[in-house]
Every structure is written in structure tokens, then in C-alpha cells.
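# Structure at a glance
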Amino acid sequence: MTETKILKWGIVSTGRIADKFCHDMAYVKNGTVAAVAARSLKDASDFAAKHNIHKAYQSYQSLFDDKDLDIIYIATPHTFHFKNVYDALSAGKHVLCEKPITISSQEFSVLAALAKQNNVLLMEAMWTYFLPSLLKAKEWVAQGRIGTIKHIKADFGYLVPYEPEGRMYNPDLAGGCLFDMGIYPLALAQYFNAGPLNDVVVKTQFAPRKVEKDVALLASSNGVTLSLASSFQCRMQNAALIIGDQGYIKIPNFWRAKSCGLYQLDEKVADFKDNSPGSGLHFEATAVGVAINNNQLEHPDMPHSVSLRLQQQLETIRASF
């Protein structure tokens, strides 16, 4: 039996999601955070002190060149992902990069090819795919508990006040609710019904500078009707419904799901609650560690093909703007 290696992680950026990720690394048995890098040495040092990280770098490249590190977690804004991932892969590091992993299918194809060329793992950080509640819902589907899937509905939205130069509304930083929030409903639909979008209808509302603040999508895929939405204008239900001809599954706050319910007509016939500690980011970190220890260059639950398909779907939607 192959001995499990404890992977040493390097963290790029010290923002909110990087902070949550480092908190959750406390629940990861096959990895530990060993270094962090930020544009400011003070930011990196303060973050390192907060999370008991031994090394702090001002230069991202210095982090990538650290021979002690095995894998890099990239949590910078969307438009920096391509360069950050490219540089980390070029340094021979495995990479877990926040979603969306790039802002075009062309960018992603370049990164996927580079990862394979350098014999390292690359995965988009679609943490939702690794949550126990989503795994349970998929198990119910596989067991035929809801019959054949007919509809998938999912939305994700929060009120985001307009700030012209803020990341969320800045077109130069790939702002807009589609990249920031819309990736989650799209990924949810792919998780339960992998395939291309057909018969696409998109309704969009824009903030100044032609940045979308509300996107609603109606489409079909493999005979399943998809109703997906994202918004900066309001707090949506943030729930998912997987509807079959014999029942349905409801997943509250599906993007960070802690529970799910199985229904037949109006009766709940099964319930699942995830009482594990942490925010849930530790599940994807653990999964990546397992894949690396198994010498896999892609994770089977979040392979390159899914990331590429999501990029293509984002492009399809954006083409309608």
C-alpha cells in the first residue's frame, strides 16, 4: 500500500476565500499550509501570523519556486488566474485554482495542455462537487429515487451595492454576476446532467460599463430543462431543485450545502444533514491530495473536460449579451 504523503500547500492571495480555505485546512489530514504570497509583504506576513504559516513571500514567483511546496492554491481575481496558474504549472507545481479557473475556453485549453506536459495535476476549485450533501443527492438520483430527471432549477444571488471600481463591477477584472455567481448554477446543472446547452434563452440586466447585474437562463440539455439564474440585485433563494418524474430533491444554499431533502409529491421521504466542521472547502482540498497521492493528473469528479465545458457555456451565455 502506497504511503500517503502530507502535501505542502502554498497560498496565492490573502483575500476572503483564501482566509476561509486556510481555516478549513485544519480539517485536512493529507495536507498542510506551508507558505503564502501576496502583493504586499505585510499582507503576506500578517496572513501567515494569523494562520500559523511558516513562510511569507511578497513575490508570487518566489512562492512558485519554493522547492518545499507540492501544490499551489490560487485565490486571486478571475483575470489573474491564467498567469498565476501558468507560472505555477511552469514551476512544476500541482494547482488548485478558484472558479472560474479562466475567463475563456482558449485560456483553459492552454493551461490543461501545460499541466499534462509538466506531469502535474490541475483542478478548478469547484468545492460544491465535493460536499457530502451533493454526494448524497447524486446517490439518490443514481438509486432512481426521483426517476428520470426532467428539470433542474438553481439560482444564486446576493445584493451587491454598485461600486464602479470594485472587483464585482469592474469589466477590466471580469466583473459581473455571471462569472462571480452564475458559475455555481451552471456547475450544479453539469453535476447532475453533464452535457452542452441547447435552445438557449438569456435575459440580462446591466449595471453601468456594460457589466451584467442579473442573468436568467432557460435552456435544455440531454432532454432536461434548465432554469438557472444569478444576480447582484437581490438575495435569491440560492436553492437547487433536481426534479424527476417520480420525485424531487431540494438542496438549500446548494453552493455551500449542509443538507438536502428527498420528496415524493409533497412528502419528504428522506433527509440528510452534514454536521461536519468547517465551511466545506476542506473536502476539495482532501480530494486533491488523494488524487496527487494516486498520481492522477486530473480529479475524476472535476476533470478538465468539465472545466472546459463550463468555459464554453459561459461563452455561449456572454455571446447573447
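Before reading on, note that the structure itself is shown above.
Let us look at the structure shown here. (Residues numbered from 1 in each chain as written. Predicted model: local features only at pLDDT ≥ 70, side-chain atom pairs only at ≥ 80, totals over all residues. Heavy atoms only, no water.)

### Description of the sheet that holds strand β9 (residues 211-221)
Strand order in the open sheet formed by eight strands is β8-β9-β10-β7-β11-β12-β13-β14, and the pairing between neighbours is mixed. With one partner strand each, in any of the chains shown, β8 (198-207) and β14 (267-273) form the two edges of the open sheet. In this sheet, adjacent strand axes meet at a mean angle of 10° when their direction is disregarded. When strand β7 (residues 149-157) meets strand β10 (residues 224-231), the two strands line up parallel, connected through seven bridges. In the strand pairing of β10, Gly-157 is matched with Ser-231. (Pairing = 2+ DSSP bridges. Helix = DSSP H or I, 4+ residues; strand = E, 2+ residues; numbered from the N terminus. Axes fitted to C-alpha atoms, helices over the stretch in contact; angles between N-to-C directions.)

### Focus: the pairing of β8
Taken together, the eight bridges between β8 and β9 define a ladder with antiparallel strand orientation. From the neighbouring strand, Val-201 faces β9, where its bridge partner is Leu-218. Connecting the antiparallel pair β8 and β9 is a turn made up of three residues, with Arg-209 showing a positive phi of about 70°.

### A short note on the nonpolar core
In terms of nonpolar packing, the biggest core is built from 83 residues, with Trp-9, Phe-192, Ile-249 and Ile-251 touching the most fellow members. Considering each element in turn, this core owes the most residues, 12 residues, to helix α7 (residues 177-192). Aside from chain neighbours lying at most four places away, what touches Ile-251 is Leu-134, Ala-137, Phe-192, Asn-238, Ala-239, Ala-240, Ala-257, Ser-259 and Cys-260. Judged by nonpolar contacts, the second largest core, of 22 residues, contains Ile-72, Val-85, Leu-111 and Leu-114. (Core = buried A, V, L, I, M, F, W, Y, C linked by side-chain atoms within 4.5 Å. Buried < 20%, exposed > 50% of the residue type's maximum accessible area, 1.4 Å probe, protein only. Contact = heavy atoms within 4.5 Å.)

### A short note on the sheet that holds strand β3 (residues 55-57)
Read across the open sheet, the six strands follow the order β3-β2-β1-β4-β5-β6; overall the sheet is parallel. Both outer strands of the open sheet, β3 and β6 (122-124), are each paired with one neighbouring strand and no more. Between one strand and the next, the sheet's axes are offset by a mean angle of 25°, whatever the strand orientation. Pairing geometry for strand β1 (residues 7-12) and strand β2 (residues 31-37), over six bridges, is parallel. Each bridged residue has a counterpart across the sheet, and for Leu-7 the counterpart in β2 is Gly-31. Lying over the sheet, helix α2 (residues 41-51) contacts β2 and β3, oriented at roughly 160° with respect to β3.

### Quick look at the side chain of Asp-87
With respect to the helices, strands and loops of the structure, Asp-87 is situated in helix α4 (residues 81-90). Not counting residues within four places of it along the chain, the set of residues in contact with Asp-87 comprises Gln-61 and Phe-64.

### With respect to the environment of Leu-135
Here Leu-135 shows up in helix α6 (residues 132-142). By relative accessible area, Leu-135 is classed as partly exposed at 43%. Separated by 36 residues in sequence, Leu-135 and Lys-99 place their C-alpha atoms 20 Å apart. In contact with Leu-135, other than residues within four places in its own chain, are Tyr-129, Phe-130 and Tyr-191.

### Quick notes on helix α5 (residues 105-117)
Compared with the 18 Å implied by 1.5 Å per residue over 13 residues, the 18 Å span of α5 between its first and last C-alpha is a close match. Contacts from the buried residues of α5 go to α4, β6 and α9 (304-318). Downstream of α5 by a residue or two, Asn-119 has a phi angle that is positive, lying close to 60°. (Expected span 1.5 Å × (residues − 1).)

### Focus: unusual backbone geometry
Cis geometry is found at the peptide bond from Lys-99 to Pro-100, where omega equals -20°. By secondary structure assignment, the location of Pro-100 is in the loop between β5 (94-97) and α5. For Asn-119, which is not a glycine, the phi torsion comes out positive at approximately 60°. Mapped onto the elements, Asn-119 comes out in the loop between α5 and β6. Given a relative accessible area of 54%, Asn-119 falls into the exposed group.

### Considering the state of the cysteines
Tallied over the entire structure, the rule returns zero disulfides. Unpaired in terms of disulfides, Cys-177 finds its nearest cysteine sulfur in Cys-234, a separation of 9.8 Å. (Disulfide = S-S within 2.5 Å.)

### Quick look at the layout of surface pockets
The computed volume of the largest pocket comes to approximately 870 Å³. In this structure, the largest pocket is lined by 34 residues; those nearest its centre are Arg-16, Ile-17, Ala-75, Arg-167 and Asp-180. Of all the secondary-structure elements, those providing two or more residues to the lining of the largest pocket are α1 (16-24) and α7. Sort the elements by how many residues they give to the lining of the largest pocket and α7 lands first, with five residues. Of the residues contributing to the lining of the largest pocket, the split by class is 18 nonpolar, seven polar and nine charged. Quantified by volume, the second largest pocket comes out at close to 190 Å³. As for the second largest pocket, its lining consists of 13 residues, and the residues nearest its centre are Cys-22, Met-25, Thr-32, Val-33 and His-51. Put simply, the parts of the chain that give the lining of the second largest pocket at least two residues each are α1 and β2. A breakdown of the residues in the lining of the second largest pocket according to their chemical character gives seven nonpolar, six polar and no charged. (1 Å grid on protein atoms, 1.4 Å probe; cavity = no way out; pocket = protein on both sides within 12 Å on 5 of 7 lines; lining within 4 Å. Points joined across faces, edges and corners; volume = space filled by probe spheres on them. Nonpolar A, V, L, I, M, F, W, Y, C, P; charged D, E, K, R; others polar.)

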